Amino acid sequence: MERRIKLIALDLDGTLLDSEKKVSRRNLEALERARRMGVLIVPVTGRPAQGLPQAVLDLPGLRYAVTSNGATIRDLQEDKFLLEKHLTPADCLRVLEACADFDMIREVFREGVGYLTRADRDILWAKYEGTPMMEYVLGTRRVLPGSLEDFLWEDDRPVEELFFLTDSPERKEALRRRLSALPGISFADPFPKDLEVMAGGIDKGAAFLYLLDLLGVHPAETLALGDGGSDLPLLKAAGIGVAMGNALPFVQAEADWVTASCDEDGVALALEKFVF
């Protein structure tokens, strides 16, 4: 007997959120219909907790959120953490030292906020000015008075992830090869030029399975949707993994099904096929 879907895991950028960083009416209506059926809706995103947009926080019945590519799971209703698998400042300093010669943007994410130097903030500002990403960048970044290394030496709080933005896919792969020799870290690949470094053994799929175990939900009873390389572990962990029409080709190739793009109500179409 086929199991019914009890939980839907949703990547945000390029999946639930369209190119204008909004949630379409049809997607909202589909999610509300699923909620009325008793289905849990869980954002699983590379964004930090403070980067969850209000349109997502306002989803009816929203309780759990997986953020920073799985480094953190939060119970939003009870305002408590269910998982925090983070890097130590010493881990981060080793990573930064290993790639000190790379010309790229570097960020440290702590407690849902991205910290970066003023020079890197100015580059991001120029890159996203006039785009829907600008509000997200402004709302989740803080400029440091000095270097990232000084910030890590002076503050012993753990780090959710390190974020690196390179100038090309080739440069990103060179960075990954360089850092792969370091112990105790793992990677996420949301976009062709971005590389994110987390604690070892963590990704969206691992965090998703951890949450399912806490909730007593079987993976076969879940549907997951995503578009980027960092979503692939999530799609593979779910009972049904759906790639968006705008997903990277290798993500589409390994998904169970490919829906329409994020600008064509792809989430709603997937729910209509597998949930209702």
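Located above this text is the structure these notes cover.
Counting starts from 1 at the beginning of each chain's written sequence and moves along it residue by residue. Only residues with pLDDT of at least 70 are given local features in this predicted model, and only at 80 or more are side-chain atom pairs given and counted; all residues enter the totals for whole chains, interfaces and linings. Calculation of side-chain values draws on the structure's entire complement of heavy atoms; hydrogens and water are dropped beforehand.

Caption draft 1: The arrangement of the overall build of the chain in detail. Helix and strand definitions follow DSSP, with helices as H or I runs of at least four residues and strands as E runs of at least two, each counted in order from the N terminus. Looking only at helices and strands, the chain features 11 helices and 14 strands. Only the C-alpha atoms count toward the radius of gyration. The rule for a globule is 2.2 Å times the residue count to the power 0.38. Here the chain has a C-alpha radius of gyration of 18 Å; the compact-globule value for 276 residues is 19 Å, and the two agree. Only protein chains enter the calculation, and the probe is 1.4 Å; a residue is then buried if its accessible area is under 20% of its type maximum, exposed if over 50%, and partly exposed in between. The buried share of the chain, taken over its 276 residues, is 54%. Two residues form a contact once any of their heavy atoms are found within 4.5 Å. Residue pairs in contact within the chain that sit at least 24 positions apart in sequence constitute 59% of those at least 6 positions apart. Counting rule for charge: Lys and Arg are taken as positive, Asp and Glu as negative, and neither His nor the chain ends is counted. Where a charge sits is defined by one atom per residue type, namely NZ (Lys), CZ (Arg), CG (Asp) or CD (Glu). Of the side-chain charges in the chain, 33 are positive and 46 negative, and the distance between the mean point of each set is 3 Å.

Caption draft 2: Spatial organisation of the sheet that holds strand β9 (residues 161-165). Within the open sheet, the six strands sit side by side as β8-β7-β6-β9-β11-β10. Their pairing is mixed. Both edges of this open sheet fall to β8 (141-143) and β10 (185-188), since each of them pairs with a single strand only. In this sheet, adjacent strand axes meet at a mean angle of 30° when their direction is disregarded. With respect to the sheet, helix α4 (residues 118-128) is in contact with β6 (105-110), β7 (113-116), β8 and β9, its orientation differing from that of β6 by roughly 100°. Axis lines are fitted through C-alpha atoms, for helices just across the contact stretch, and the angle between N-to-C directions can take any value from 0 to 180 degrees. On top of the sheet, helix α7 (residues 169-179) reaches β9, β10 and β11 (194-199); it is set at about 25° to β11, its chief contact. When DSSP finds at least two bridges between two strands, those strands are taken to pair.

Caption draft 3: A look at the environment of Q252. In this structure, Q252 sits in helix α10 (residues 249-254). Separated by 237 residues in the primary sequence, Q252 and T15 place their C-alpha atoms 13 Å from one another.

Caption draft 4: Representation of the side chain of R110 within the structure. When you line up the elements, R110 lands in strand β6. Under the rule applied, a polar contact is a pair of N or O atoms within 3.5 Å (in protein, one hydrogen donor and one hydrogen acceptor; residues adjacent in sequence only if both atoms are side-chain atoms). Of the polar contacts made by the side chain of R110, one reaches the backbone oxygen of D155; its length is 2.5 Å. The residues touching R110, leaving out its near neighbours within four places in the chain, are P89, Y115, F151, L152, D155, D156, R157, P158, V159 and E160.

Caption draft 5: Representation of the state of the cysteines in the model. Put simply, a disulfide is two cysteine sulfurs that come within 2.5 Å. Applying the stated rule across the entire model yields zero disulfides. Unpaired in terms of disulfides, C92 finds its nearest cysteine sulfur in C99, a separation of 11 Å.

Caption draft 6: Local environment of the pairing of strand β1 (residues 7-10). Burial of β1 is two-sided: the residues L7 and A9 facing one way and the residues I8 and L10 facing the other way are all buried. Sheet analysis places β1 next to strand β2 (residues 40-43), joined by four bridges and oriented parallel. Looking at β2, one finds that A9 is bridged to V42. A clockwise path from the first strand over the helix to the second, with the strands pointing away from the viewer, defines a right-handed crossover. Handedness of the β-α-β unit built from β1, helix α1 (residues 25-36) and β2 comes out right-handed. Bridging between β1 and strand β12 (residues 222-226) involves four bridges; their strand directions are parallel. Across the sheet, A9 pairs through a bridge with A224, a residue of β12.

Caption draft 7: Representation of the packing of aromatic side chains in the model. Between rings of Phe, Tyr and Trp, where Trp is taken as its six-membered ring, a pair exists when centres lie within 6.5 Å; planes separated by under 30 degrees are stacked, by over 60 edge-to-face, and by other angles tilted. Inspection of every chain in the model, using the stated rule, returns two aromatic pairs. Consider the rings of Y115 and F151, whose centres lie 4.6 Å apart with planes at 40°: the pair is tilted. Linking Y115 in strand β7 with F151 in helix α6 (residues 148-154), this pair joins segments that are 36 residues apart in sequence. Assigned by exposure class, Y115 and F151 land together as buried. With a centroid separation of 5.4 Å and 85° between ring planes, the pair formed by W257 and F274 is classed as edge-to-face. Of this pair, W257 sits in strand β14 (residues 257-258) while F274 sits in helix α11 (residues 266-274), and the two are 17 residues apart along the sequence. Judged by its relative accessible area of 28%, W257 is partly exposed. Distance and angle both matter: a charge sits over a ring if NZ of Lys or CZ of Arg is within 6 Å of the ring centre and within 35 degrees of the ring normal. A cation sits over an aromatic face here: R171 above F102, 4.3 Å from the ring centre. Over the aromatic face of F274 sits the side chain of K273, whose NZ or CZ is 5.4 Å from the ring centroid.

Caption draft 8: Highlighting the pattern of salt bridges. When a carboxyl oxygen of Asp or Glu is within 4 Å of a side-chain nitrogen of Lys or Arg, the pair counts as a salt bridge. Tallied over the entire structure, the rule returns 23 salt bridges. For E272, the salt bridge identified is with R26, shortest N-O distance 2.9 Å. Separated by 246 residues along the polypeptide, E272 in helix α11 and R26 in helix α1 bring together distant segments of the chain. Here E272 falls in the partly exposed class, since its relative accessible area comes to 35%. A residue is classified by how much of its surface remains accessible, and R26, at 34% relative accessible area, is partly exposed. Between R121 and D122 there is a salt bridge; the shortest N-O distance is 3.3 Å.

Function-wise, these values are silent; they only describe arrangement.
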